[in-house]
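For reference, the chains in residue letters:
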Amino acid sequence: MGKLLLILGVSMLISSCGLKNSSESFKEEKALRVEFIGTTTPTISNTKGKATLFAVAANLADAAATEIAVADFDAKAIPFNVDFELPKDYLKLIKPEVTKGDSVKYYVAIEWDSNADGKIEEGDVMIDFDKQFPHVQLGKQTQQVFVK
């Protein structure tokens with residue numbers, strides 16, 4: 001009887017530790033705030049835009065990235081913040097599939113017809129790839145991405 005109680009106690013301890021660790025790590029990565037910054041002061045006629053968070057396995061060179069989360073935003077000026085809510089199973093969404101321990105790269109993109117001419121093209125606020133690629137890291141404080 002004593003052995004049975006000992007085995008039951010140890011198994012409960014092990015299983016509860018695993019649940020605690022997995023939920024704590026998920027809480028760190030549940031949301032991501034990106035601050036879009038820049039050195040220009042554009043005239044913004046259309047304040048509504050869309051930001052997308054992508055992910056790809058870091059060990060792949062030419063693989064297409066997977067869309068993980070989309071956030072609509074309303075920005076009247078630069079800088080502005082966008083908050084992404086990650087789905088609980090976001091790692092399972094990444095294709096090609098990543099396995100536990102694989103490194104994952106994340107980056108953001110925006111679609112914003114900021115000058116309200118009906119097209120997203122030169123003249124609209126967009127990612128400034130000349131300054132930096134828009135990589136972000138999950139589990140960190142606000143990430144900054146340059147726009148022009």
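Structural data are supplied above this passage.
Computed from a predicted model, the values in this text were never measured in an experiment. (Residues numbered from 1 in each chain as written. Predicted model: local features only at pLDDT ≥ 70, side-chain atom pairs only at ≥ 80, totals over all residues. Heavy atoms only, no water.)

Asker: Sorry if this is basic, but what is going on with the pattern of salt bridges here?
Answerer: Close approach of charged atoms allows side chains of opposite charge to pair. A full pass over the atoms with the stated rule returns 4 salt bridges. Its salt-bridge partner being Arg-33, residue Asp-83 comes within 2.7 Å of it at the nearest N-O pair. Here Asp-83 is found in strand 4 (residues 80–85), whereas its partner Arg-33 is found in strand 1 (residues 31–37), with 50 residues between them in sequence. For Asp-83, a relative accessible area of 41% gives the class partly exposed. Residue classification places Arg-33 among the partly exposed positions, given a relative accessible area of 37%. We note a salt bridge from Asp-130 to Lys-148, for which the minimum N-O separation is 3.9 Å. Here Asp-130, found in the loop between strand 5 (104–111) and strand 6 (135–136), pairs with Lys-148, found in the segment after strand 7 (143–146); they are 18 residues apart in sequence, far enough to count as distant. (Salt bridge = Lys/Arg side-chain N within 4 Å of Asp/Glu carboxyl O. Helix = DSSP H or I, 4+ residues; strand = E, 2+ residues; numbered from the N terminus. Buried < 20%, exposed > 50% of the residue type's maximum accessible area, 1.4 Å probe, protein only.)

Asker: Is there a simple way to explain the sheet that holds strand 1 in this structure?
Answerer: Strands belonging to one sheet form pairs held by backbone hydrogen bonds; the direction of such a pair is parallel or antiparallel. An order of 4-1-7 is seen for the 3 strands of this open sheet, with the pairing classed as mixed. Across the chains shown, the open sheet's two edge strands, defined by having one partner strand only, are strand 4 and strand 7. Within this sheet the neighbouring strands show an average axis-to-axis angle of 30°, counted without direction. (Pairing = 2+ DSSP bridges. Axes fitted to C-alpha atoms, helices over the stretch in contact; angles between N-to-C directions.)

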